[in-house]
Amino acid sequence: MTFVDVPVTVRVPATSANLGPGFDSLGMALSWYDEVTAEVTTSGLTFDIEGEGADEVPRDETHLLYRAMDAAFDLLGEKPAGLHLTCRNTIPHGRGLGSSAAAIAAGVVLARALVVGGDERVDDTTLFGLATDLEGHPDNVAPALFGGFTISWIEGAAAETLRLDVEADVTVFVPPEPVATSVARGLLPEQVPHGDASFNAGRTALLVAALTSAPERLISATEDRLHQPYRAEAMPDSYKLVRQLRVEGVPAVISGAGPTVLAFAHGLEAWSPAGWARRELRVSPEGVHFRS
Ligand SMILES: Nc1ncnc2c1ncn2[C@@H]1O[C@H](COP(=O)(O)OP(=O)(O)OP(=O)(O)O)[C@@H](O)[C@H]1O
Ligand SMILES: N[C@@H](CCO)C(=O)O
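All values derive from a computational prediction rather than experimental measurement. (Residues numbered from 1 in each chain as written. Chains lettered and ligands numbered in written order. Predicted model: local features only at pLDDT ≥ 70, side-chain atom pairs only at ≥ 80, totals over all residues. Heavy atoms only, no water.)

Further remarks concern the overall build of the protein chain. Looking only at helices and strands, the protein chain has 10 helices and 11 strands in total. The C-alpha atoms of the protein chain give 19 Å as radius of gyration, which agrees with the globular expectation for 292 residues (19 Å, within 12%). In the protein chain, which comprises 292 residues, the share counted as buried stands at 52%. Partitioning the intrachain contacts of the protein chain with sequence separation of at least 6 by distance along the chain shows that 73% fall at a separation of at least 24. Entry remark: accessible area of the protein chain is about 12700 Å², with carbon and sulfur atoms responsible for 49%. (Helix = DSSP H or I, 4+ residues; strand = E, 2+ residues; numbered from the N terminus. Rg over C-alpha atoms; globule rule 2.2 N^0.38 Å. Buried < 20%, exposed > 50% of the residue type's maximum accessible area, 1.4 Å probe, protein only. Contact = heavy atoms within 4.5 Å. Areas by Shrake-Rupley, 256 points an atom, 1.4 Å probe, with all protein chains shown as cover.)

In the vicinity of ligand 2, the contacting residues are Ala17, Asn18, Phe23, Asp24, His137, Asp139, Asn140, Thr181, Arg185, Arg231, Gly256 and Ala257. Measuring from an oxygen atom of ligand 2, one finds a side-chain N or O atom of Asn18 at 2.8 Å. Protein contact buries 97% of the 260 Å² of open area that ligand 2 shows by itself. Residue assignment for the shell around ligand 2 shows that the elements contributing at least two residues are strand E1 (8-18), strand E2 (22-41) and helix H6 (181-186). Of the residues that constitute the shell around ligand 2, the class distribution is 3 nonpolar, 5 polar and 4 charged. Each of two domains, domain 1 (8-165 + 284-291) and domain 2 (169-282), supplies a minimum of three residues to the shell around ligand 2. (Near = heavy atom within 4 Å. Polar contact = N/O pair within 3.5 Å; in protein donor to acceptor, adjacent residues only side chain to side chain. Nonpolar A, V, L, I, M, F, W, Y, C, P; charged D, E, K, R; others polar. Domains from an automatic or database assignment.)

With that out of the way, let us pick up the site of ligand 1. The environment of ligand 1 is formed by 18 residues, the closest being Gly94, Gly98, Ser99, Ser100 and Thr181. Between ligand 1 and the protein, one listed contact pairs a nitrogen atom with a side-chain N or O atom of His63 at 3.4 Å. A distance of 2.7 Å separates an oxygen atom of ligand 1 from a polar side-chain atom of Ser100. Summarising the interface, the protein chains cover 80% of the accessible area of ligand 1, which totals 640 Å² for the free molecule. Looking at the shell around ligand 1 residue by residue, the classes come out as 7 nonpolar, 10 polar and 1 charged. Inspection of the shell around ligand 1 shows a minimum of three residues originating in each of domain 1 (8-165 + 284-291) and domain 2 (169-282).

By size, the foremost hydrophobic cluster in this structure holds 69 residues, and its most contacted members are Met28, Met69, Phe73, Val170, Val172, Leu211 and Phe264. When residues in this core are grouped by element, the largest group, 10 residues, is from helix H2 (residues 99-114). No fewer than three residues from each of domain 1 (8-165 + 284-291) and domain 2 (169-282) sit in this core. Once you skip the residues sitting within four places of it in the chain, Val170 turns out to touch Met28, Leu30, Leu262, Ala263, Phe264, Ala265, His266, Arg279, Glu280 and Leu281. (Core = buried A, V, L, I, M, F, W, Y, C linked by side-chain atoms within 4.5 Å.)

For the rest of this paragraph, the subject is the sheet that holds strand E7 (residues 169-174). With respect to topology, 4 strands assemble into an open sheet ordered E8-E9-E7-E10, the strand pairing being antiparallel. Looking at strand neighbours, the two that pair on one side only are strand E8 (252-254) and strand E10 (277-282), the edges of this open sheet. Going across the sheet, the axis of each strand differs from the next one's by a mean of 25 degrees, ignoring polarity. Sheet contacts for helix H10 (residues 236-247): E7, E8 and strand E9 (261-263); angle to E8, the most-contacted strand, approximately 165 degrees. (Pairing = 2+ DSSP bridges. Axes fitted to C-alpha atoms, helices over the stretch in contact; angles between N-to-C directions.)

With that settled, consider helix H7 (residues 194-212). Given a rise of 1.5 Å per residue, 19 residues ought to cover 27 Å, and the 28 Å separating the end C-alpha atoms of H7 matches this to within 8%. On the buried face of H7, the contacting elements are E2, strand E5 (149-155), helix H8 (218-221) and helix H9 (228-231). (Expected span 1.5 Å × (residues − 1).)

With that out of the way, let us pick up the pairing of strand E6 (residues 158-164). Judged from the 7 bridges that link them, E5 and E6 form a sheet pairing that is antiparallel. In the sheet register, Ser152 faces E6, and the bridge partner there is Thr161. Where E5 hands over to E6, the hairpin turn is made up of 2 residues, of which Gly156 adopts a positive phi near 65 degrees.

Turning our eyes to something else, we now look at the UniProt feature "domain: GHMP kinase C-terminal" (unreviewed entry) in the protein chain. Per the UniProt record, "domain: GHMP kinase C-terminal" (unreviewed entry) is annotated on residues 217-265. As a span, residues 217-265 carries 41% helix and 12% strand, and end to end its C-alpha atoms are 13 Å apart. (UniProt positions renumbered as here; feature names shortened; annotations may be inferred.)

Below, the discussion takes up the UniProt feature "domain: GHMP kinase N-terminal" (unreviewed entry) in the protein chain. In the numbering adopted here, UniProt assigns the feature "domain: GHMP kinase N-terminal" (unreviewed entry) to residues 64-148. Along residues 64-148 the backbone is 60% helical and 9% strand, and the end-to-end C-alpha distance reaches 24 Å.

Annotation of the protein chain at the domain level lists domain 1 (8-165 + 284-291) and domain 2 (169-282). Here domain 1 and domain 2 have C-alpha centroids that lie 24 Å from each other. Contacts between domain 1 and domain 2 engage 26 residues on the former and 38 residues on the latter. Together domain 1 and domain 2 conceal approximately 2200 Å² of surface at their shared face, both sides included; 64% is due to carbon and sulfur atoms. Where Arg185 meets Asp24, a salt bridge forms, and the shortest distance between an N and an O atom there is 2.8 Å. (Buried area = accessible area lost by both parts, 1.4 Å probe. Salt bridge = Lys/Arg side-chain N within 4 Å of Asp/Glu carboxyl O.)

As structure tokens, then:
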């Protein structure tokens, strides 16, 4: 038997990348999850999708979850005759909360789990490399796969990550309208001033210390000059909320490519703009994991 003959279900966390200065490097898994079930069938590709994005995502081979599974099946050297995918989506799409990374992480892990002996053929590092290739950068897929707080980088052609356990109170303010990551990346300049690069290098180093042992430094540690100012025009209300929170001493950043605002605090009810969703979260120690 090549494939397991029962459905496999995973939960996969939302993630926040960058965390201020750590552009394309730092990421954190959050206690907010999508649930995906995959089952091998005799033919075809069918979907049962509910929740976030259900009216927008395709129900064919171009669906991101399927594309990730297909790429992983290539690595595993096996293709199922058919698949049925059930998606219970709660992570909003295009808001800077790692929805695409969640779909990719779930897809590669599910594909491996469906192949009998898949763990012996493809290890976690290889899956992480594949997920990074599909996403284009490692900062969301690392915490989506491994949980916690991750520092990721590219070594030659390979993606690497270091996972750390951290605890933090997190609030996310989610605007009603999306900003696609591709659009937000298109606003970034080809080159940045040396002084700004140096500024961010110091803040990124400080942020690792602040999250692991010096939370009183979070306000300085979450400053950024490499991406948020350039993206402000695409998400002016988010940028304004970040500045307002920071003036009050609350460490706040644009989550990922935006437009969600992430603050390292709870009890921020008074700050929620009308029409935005607000959620109090914690760091998820678990990345994508099986649900029985
Ligand atoms: N669960 C999903 N199923 C299918 N497609 C998805 C899913 N989640 C995300 N996508 C695809 O990814 C797109 C969103 O990706 P995008 O990179 O723009 O934002 P994000 O991942 O939510 O935010 P960020 O990368 O800034 O954290 C959606 O518009 C959709 O095409
Ligand atoms: N580092 C990425 C995260 C969003 O995918 C960015 O800011 O564009």
